[in-house]
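# Architecture at a glance
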Amino acid sequence: MAKSSSEVAAIAPDVLAKYETVIGLEVHVQLLTNSKIFCGCSTRFGDPPNTNVCPVCLGLPGTLPVLNKRAVELAMRASLALNCMVHERSRFARKNYFYPDLPKGYQITQYELPLATNGWIEIDHDGAKKRIGITRLHLEEDAAKNLHEGFSESATKAYIDYNRCGTPLSEIVSEPDMRTPEEAYAYLTTLRQTMLYTGVSDCNMEEGSLRCDANVSVRLRGAKEFGTKVEVKNLNSFRYLQKALEYEIERHIGVLESGGRISQETRLWNQSESCTVSMRSKEKAHDYRYFPEPDLLPIHVSNSWREEVLRSLPELPEAKRARFIAAHGLTPYDAGVLTTTQPLADYFESVVKSGAPAKTAANWIQTELLRRLNDSGKEIEASPVSPAALAELLKLVESGQITAASGKKVFAAMFDTGRSPADIVAAEGLSSQVDESAIEQAARDVIAKNPDNVAKFKSGNEGVFKFFVGQVMRATRGQANPQAVNDILRKLLS
Ligand SMILES: [Zn+2]
């Protein structure tokens, strides 16, 4: 029966510290094909229920599956981006079980010969890098979707939408290399970013394009053997994953500390109760009676095909971060933010290519642009300020034609109206219109009023120079070209 969260009593930190957690994740990603894996039906999300179906994906007698090459290619992209070995020969198997969402009575998946094995990804957690192994990546078909709510007779009947049945999936199984819920979170984040960069999946968790199950166990620190593991399903968001793991870890330790044993079972995360609930025990686990799928030939991946897919991979986030640091002089933090998504990284590079200094571009994108995009709920692709327009603005600021303060006003207007910076500067009269004689006059006044600071500067106190610059900028109401102010002050004070 359901165990309420109150059943897990708070455990003292020194007791928790005696144990080490072991976590492995199984992630399903929907591959971004137009049609299903074994038939020509559309994979479009959100179509009316049971409109994208045919005899093949409905499992009618006498039909035969035909493998979608694009699905294999996308799974190869994923495998290679995850540093896996893509095998020359892999094959499909039947996983037999009886459930309404599976019209054939079996799922076509891969079992003893998966497409790819032995990969890894590197996660970055609290500034420390750690490599997480990937055991295998295989291809399979998705099942239909059970709809338990929202219909007039939902209380007594289950409704099924077969549109999803036969959608291509890649299942990605990690090694049990993670030791904290935070590491699991970082792994899923990195995996998702890699799938998005490579265009393998849209990874939309709300639409079920990315789904995650976790295997979790605890053992006393220093122990060699793994503890009994529990599988937690239904982790439909990054937050659920972390909360479910935190809950399970405390539950395991609580059971062990009170002299009990963990039973190997599958549990479901129940978000409304904030706890996991037993779904089935090991004794009731399915015997799937796998056997090779007789209706499909083995998959053969030639060297040349694998090389071709490898060559088509884009620069991956890790490599891009390293290049942004080396080529553009960014900090690791800035490089991390700007490579969050491929479109954001592309935007930054376009601004730099259009002539803006990299460091300035990085700062403006992270502060002005991302803040305004966030406030207006827009993605970078829909930015009203194009990379070229931002570069134009930054050049105006950099050359001193407008001040940084004016630049921010201009940027706001560019964002709101989509007009060019030159237009806005002209219309608002923001260009640094203080001519050199006016700057010189202001500088002479400031010098005359501050004989003490002049003496300090002349005796070698370079720091006082900033005081003079500040005073002149103030006297010209921030409209003077800072470079001209610098030059004139140097001349007058030397
Ligand atoms: Zn179909």
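Treat the numbers as computed from the prediction; the structure is a model and nothing was measured.

As a further point, take the overall build of the chain. Within the chain, the secondary structure is distributed over 16 helices and 16 strands. Compactness check: the chain gives a C-alpha radius of gyration of 30 Å against a globular reference of 23 Å for 494 residues, more than 25% above the reference. C-alpha atoms of the chain, sized along the principal axes, occupy 95 × 55 × 55 Å. Going through the 494 residues of the chain one by one, you find that 46% of them count as buried. Considering only contacts within the chain whose residues lie at least 6 apart along the sequence, 69% involve residues at least 24 apart. Carbon and sulfur atoms make up 52% of the accessible area of the chain, which totals about 24700 Å². Each charge sign in the chain was given a centre, from 59 positive and 62 negative side chains, and these centres are 2 Å apart.

Attention shifts here to the environment of glutamate 265. Here glutamate 265 shows up in strand E13 (residues 265–270). Exposure remark for glutamate 265: the relative accessible area of 10% places this residue in the buried category. Between the alpha carbons of glutamate 265 and tyrosine 240 there is a distance of 19 Å; along the sequence they are 25 residues apart. Setting aside residues up to four positions removed in sequence, glutamate 265 forms contacts with Lys229, Val230, Glu231, Arg251, Ser278, Arg280, Ser281 and Lys282.

Let us look at the pairing of E13. Relative to E13, strand E12 (residues 230–235) runs parallel, the two being bridged by 3 bridges. Each bridged residue has a counterpart across the sheet, and for valine 232 the counterpart in E13 is arginine 267. Since E12 and E13 lie parallel, the crossover through helix H4 (residues 238–257) that links them has a hand, and here it is left-handed. As judged from the 6 bridges shared by E13 and strand E14 (residues 275–281), these two strands associate in the antiparallel manner. Bridging from a neighbouring strand, leucine 268 pairs with valine 277 of E14. The antiparallel pairing of E13 with E14 creates a hairpin that spans 4 residues between the two strands, and serine 274 there sits at a positive phi of about 55 degrees.

Let us look at the confidence of the model for the chain. Of the residues in the chain, 97% have a pLDDT of 70 or more, and the chain-wide mean is 92. Overall, residues 1–6 carries pLDDT values under 50, and its contacts beyond four positions in sequence, including any with other chains, amount to 11 contacts.

This part is about the sheet that holds strand E5 (residues 106–110). Overall, antiparallel pairing links the 3 strands, which are arranged E5-E4-E15 in an open sheet. Because the sheet does not close on itself, it has two edges, and the strands there are E5 and strand E15 (291–292).

The next thing to look at is the coordination of the zinc ion. Taken together, the protein donors to the zinc ion comprise Cys39 (SG), Cys41 (SG), Cys54 (SG) and Cys57 (SG), at separations of 2.3 Å. One way to put it: the 4 donor atoms around the zinc ion meet at angles of 101 to 115 degrees, and that makes the site tetrahedral. Mapped onto the sequence, the donors of the zinc ion take the spacing C-x1-C-x12-C-x2-C. Of the two residues, cysteine 41 is situated in the loop between strand E1 (19–30) and helix H2 (69–81) and cysteine 57 in the loop between E1 and H2; the sequence distance between them amounts to 16 residues.

Let's shift gears to the packing of aromatic side chains. For the coordinates displayed, the defined rule picks out 12 aromatic pairs. On the numbers, 6.0 Å between centres and 65 degrees between planes, the contact of tyrosine 288 with tyrosine 290 is edge-to-face. Three or more aromatic residues joined by ring pairs form one cluster here, namely Tyr97, Tyr111, Tyr288 and Tyr290.

Glancing now at the environment of glycine 355. Note on placement: glycine 355 falls in the loop between helix H8 (342–353) and helix H9 (358–375). Judged by relative accessible area, which is 43%, glycine 355 ranks as partly exposed. Taking the C-alpha atoms as reference points, glycine 355 and tyrosine 333, 22 residues apart in sequence, are found 23 Å from one another.

Moving on, we get to H2. Between its first and last C-alpha atoms H2 spans 18 Å; for 13 residues at 1.5 Å apiece the expected length is 18 Å, and the two agree. For H2, the tally of buried residues reaches 11 of 13 residues, placing the bulk of the element in the interior. Taken together, the buried positions of H2 are Ala71, Val72, Glu73, Leu74, Ala75, Met76, Arg77, Ala78, Ser79, Leu80 and Ala81. The backbone nitrogen of arginine 70 lies 2.9 Å from a side-chain oxygen of the residue at the head of H2, namely asparagine 68. At the C-terminal side of H2, asparagine 83 shows a positive phi close to 60 degrees.

Before going further, it helps to spend a moment on the pattern of salt bridges. It is possible for side chains of opposite charge to pair when their charged atoms get near one another. Taken as a whole, this structure holds 31 salt bridges when the rule is applied. Between glutamate 318 and lysine 129 there is a salt bridge, with its nearest N and O atoms 3.6 Å apart. Taken together, the residues glutamate 318 in helix H6 (residues 317–328) and lysine 129 in strand E7 (residues 128–141) connect sequence positions 189 residues apart. Residue classification places glutamate 318 among the partly exposed residues on the basis of a relative accessible area of 33%. The partner of aspartate 334 in a salt bridge is lysine 359, and the shortest N-O contact between them spans 2.7 Å. Of the two residues, aspartate 334 is situated in helix H7 (residues 332–338) and lysine 359 in helix H9; the sequence distance between them amounts to 25 residues. Taking the relative accessible area as the measure of exposure, aspartate 334 reaches 8% and is therefore buried. You can call lysine 359 partly exposed: its relative accessible area is 35%. Several salt bridges converge on common partners, so that one network encompasses Asp124, Lys129, Glu318 and Arg321.

Definitions and limits used
Residues numbered from 1 in each chain as written. Predicted model: local features only at pLDDT ≥ 70, side-chain atom pairs only at ≥ 80, totals over all residues. Heavy atoms only, no water. Helix = DSSP H or I, 4+ residues; strand = E, 2+ residues; numbered from the N terminus. Rg over C-alpha atoms; globule rule 2.2 N^0.38 Å. Buried < 20%, exposed > 50% of the residue type's maximum accessible area, 1.4 Å probe, protein only. Contact = heavy atoms within 4.5 Å. Areas by Shrake-Rupley, 256 points an atom, 1.4 Å probe, with all protein chains shown as cover. Lys, Arg positive; Asp, Glu negative; His and termini not counted. Charge placed at Lys NZ, Arg CZ, Asp CG, Glu CD. Pairing = 2+ DSSP bridges. Right-handed = clockwise from strand over helix to strand, strands pointing away. pLDDT = per-residue confidence, 0-100. Donors = N, O, S within 2.8 Å, 3.2 Å for Na, K, Ca; no water. Tetrahedral: all angles 85-135°; square planar, octahedral: opposite > 155°, others 65-115°. Phe/Tyr/Trp six-rings, centres within 6.5 Å; stacked < 30°, edge-to-face > 60°. Expected span 1.5 Å × (residues − 1). Polar contact = N/O pair within 3.5 Å; in protein donor to acceptor, adjacent residues only side chain to side chain. Salt bridge = Lys/Arg side-chain N within 4 Å of Asp/Glu carboxyl O.

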